[in-house]
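# Coordinate analysis (summary)
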Amino acid sequence: MTILTELDHAPFRDRFVIADPQVVYLDGNSLGRLPKATVARLQNVVADEWGQALIGSWNQAWLPIARRVGDKIGSLIGAAPGETLVCDSTSINLYKTAWALLQHRGKRRTIVTDAANFPTDLYVLDGLRQPVDPAMRVQPLMLDHADHTQVQTVLEQALNADTALVCLSHVHYKTGYAFDLPQVTALAHAHGAPILWDLSHSVGAVPLDVGTPRVDAAVGCTYKYLNGGPGAPAFLMVRSDWIERLQNPIPGWFGAARPFEFGSAYEPHPGIERFAVGTPPILSLAAVEPGVDLTCEAGMHALRQRGWQLMQFFFELFDQRLQKLGFALVTPRHPQAAGSHVSLSHPAAWQITQDLVQRHRVIPDFRGPDIIRFGITPLYTLGREIEQAVAALESSVTRGTYQSFPEQRQGVT
Ligand SMILES: *Cc1c(COP(=O)(O)O)cnc(C)c1O
């Protein structure tokens, strides 16, 4: 029991709203919990900054947020100050940064990605061909996330002098596999190609260093492990020596050098701000900061250490209690090759997920066709919650209670 006691000690859990302690929330990788400080911050933004100070708040309070929070997120991923900005959604930031890097493709015509990449990433890359160069092609690689060597070999064989861009999600949303970021970055560079990483499932989950070797660009979500709130704006990171050479495909006034001079000719901002487009959604943007502050305060190395202990605890319980019930572990067991969620496959995954949510009050999520995903969020997940999730899985299958739920899929998660 000592291990459980230690894993039940989550020093930052008290800093979050836990509305119902009976609910085991293991979906913080889709929507992080609400930090208590965010409630106070939003109260302040709405009542004081908007309600009282009105337009005066732009200069005083609102204009600096995107860069300030960008730099804080930058510190979590190893970027230098001035390389990271909070704006738009991950999809839009992916489009902007990929488009910008592709302007420098020369005669290169292939975008290399993972065939199993998050759908929006695949759609965006495919959608870039028409506006950039219809002769370009997207090469989606068949990568076996259970076999790190296969992944490396296929990537090595795919990259060549025609590679215009490599675009991958560092931690895969479904399998939990983590690419070797430094190695794949170096591989892209060895072939003269820039790399664009999607860090949506990495930031706040695992320590990152986009500085060695220097990643060209990155994007990611703030509403997952950073607890920024539903639909919170995303971030983008561009390596400093690229910034002045890259254009924003949407030259909006917030990306201009002097937006409030209202000049008729667009002149891009010299800094990372050039990747902004229009007026930021201040309420959502302000809500990103408290969650980022908590992550910075906890420190990524300490968080990962705690997170990995929780992951290992899950793996041990899987070996003891779940393997024999038809579950398979999809997530790699090596800390260098995994993010911070555990994915299990099972033929009845959809029904079991429903049973967990409705009968056991354990909230994982389902990713088709057969994966149940458990987000391990080191700021607030407890060892006992993992034990409860495993007990619920065990009970659902051994008693067959999942069979009372329809096989047909419905709903969002
Ligand atoms: C969650 C996620 C997104 C979401 O993109 P939005 O534009 O914020 O909806 C994109 N990419 C990956 C890899 C994700 O995990």
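Residues numbered from 1 in each chain as written. Predicted model: local features only at pLDDT ≥ 70, side-chain atom pairs only at ≥ 80, totals over all residues. Heavy atoms only, no water.

### Describing the site of the ligand
Note the following rule: Consider each residue's heavy atoms; a residue with any of them within 4 Å of a molecule or strand counts as near. Polar contact is the term for a pair of N or O atoms within 3.5 Å; when the atoms are in protein, one must be able to donate a hydrogen and the other to accept it, and sequence-neighboring residues count only if both atoms are side-chain atoms. In short, Shrake-Rupley with a 1.4 Å probe defines the accessible areas, and a residue's cover is counted only from the protein chains shown. Each helix corresponds to a stretch of at least 4 residues labelled H or I by DSSP, and each strand to a stretch of at least 2 residues labelled E; elements are numbered beginning at the N terminus. The classification used treats Ala, Val, Leu, Ile, Met, Phe, Trp, Tyr, Cys and Pro as nonpolar, Asp, Glu, Lys and Arg as charged, and all other residues, Gly among them, as polar.
Taken together, 13 residues lie near the ligand, and Ser91, Asp198, His201, Tyr223 and Lys224 sit nearest. Contacts to the ligand include Thr90, whose backbone N or O atom sits 3.4 Å from an oxygen atom. Between an oxygen atom of the ligand and a side-chain N or O atom of Ser91, the distance comes to 2.6 Å. For the ligand, whose accessible area on its own is 390 Å², the fraction buried by protein is 85%. Broken down by secondary-structure element, the contributors of at least two residues to the shell around the ligand are helix H5 (90-102) and helix H6 (119-132). Residues of the shell around the ligand, tallied by class, amount to 3 nonpolar, 7 polar and 3 charged.

### Concerning empty space enclosed by the protein
Applicable threshold: Cavities and pockets were defined on a 1 Å grid built over protein atoms only: a cavity is a set of grid points that admits a 1.4 Å probe from which the probe cannot escape, a pocket is an open set flanked by protein on both sides within 12 Å along at least five of seven lines, and lining residues are those with an atom within 4 Å of any such point. Grid points are joined across faces, edges and corners, and a volume is the space filled by probe spheres set on the points. Residue ranges for the domains trace back to a domain assignment, done automatically or taken from a database.
Within this structure, the stated rule accounts for 1 cavity of 30 Å³ or more. Here the largest cavity is characterised by a volume of approximately 30 Å³. Forming the walls of the largest cavity are Gly204, Tyr225, Asn227, Thr377, Pro378 and Leu379. Looking at the lining of the largest cavity residue by residue, the classes come out as 3 nonpolar, 3 polar and no charged. Taken domain by domain, the lining of the largest cavity gets at least three of its residues from each of domain 1 (3-30 + 299-404) and domain 2 (39-297).

### A look at the packing of helix H2 (residues 36-50) against helix H10 (residues 282-298)
Rule in force here: Here an axis means a line fitted to C-alpha atoms, over the contact stretch when the element is a helix, while the angle between two N-to-C directions is reported on a 0 to 180 degree scale. By definition, turning the near helix anticlockwise from the far helix through less than a right angle yields a left-handed crossing, and turning it clockwise yields a right-handed one. Contacts were defined at the residue level, with two residues in contact if any of their heavy atoms lie within 4.5 Å.
Two elements in contact, H2 and H10, have axes whose closest approach is 9 Å; the angle formed by their N-to-C orientations is 145°. Where H2 crosses over H10, the two elements pack in a sense that is right-handed. Note on element contacts: H10 touches H2 through Ile282, Leu283, Ala286, Ala287 and Pro290, opposite Ala37, Thr38, Arg41, Leu42, Val45 and Val46. In terms of residue class, the contact of H2 with H10 is made up of 9 nonpolar, 1 polar and 1 charged.

### Remarks on the domain arrangement of the chain
Cut-off, in case you're wondering: When two parts are brought into contact, each loses some accessible area as probed by a 1.4 Å sphere; the total of that loss over both is the buried area. Criterion for a salt bridge: a side-chain nitrogen of Lys or Arg within 4 Å of a carboxyl oxygen of Asp or Glu.
Each assigned domain of the chain is listed here: domain 1 (3-30 + 299-404) and domain 2 (39-297). A straight line from the C-alpha centre of domain 1 to that of domain 2 covers 28 Å. Taken together, both faces of the contact between domain 1 and domain 2 bury some 2,200 Å²; the carbon and sulfur share is 60%. Taken together, domain 1 and domain 2 are joined by 1 salt bridge. Of the charged contacts, one joins Arg15 and Glu297 as a salt bridge, the two residues approaching to 2.7 Å between their closest N and O atoms. Summed over the shared surface of domain 1 and domain 2, the number is 14 residue pairs in polar contact (both at pLDDT 80 or more). Within the residue set of the side of domain 1 that touches domain 2, elements represented by two or more residues are helix H11 (300-322), strand E10 (341-345) and strand E13 (371-375). With 4 residues, the top contributor of residues to the side of domain 1 that touches domain 2 is H11. For the side of domain 1 that touches domain 2, the class distribution of residues is 14 nonpolar, 13 polar and 4 charged.

### A look at the pairing of strand E6 (residues 195-198)
Operational definition: Burial status follows relative accessibility: with a 1.4 Å probe on protein chains alone, a residue under 20% of its type maximum counts as buried, one over 50% as exposed, and anything between as partly exposed. By this definition, two strands are paired if DSSP reports at least two bridges between them.
Residue alternation in E6 divides its side chains into two sets, Ile195 and Trp197 and Leu196 and Asp198, and both sets are buried. Alignment of strand E5 (residues 163-169) against E6, held across 4 bridges, turns out to be parallel. Across the sheet, the residue bridging to Cys167 is Leu196, located in E6.

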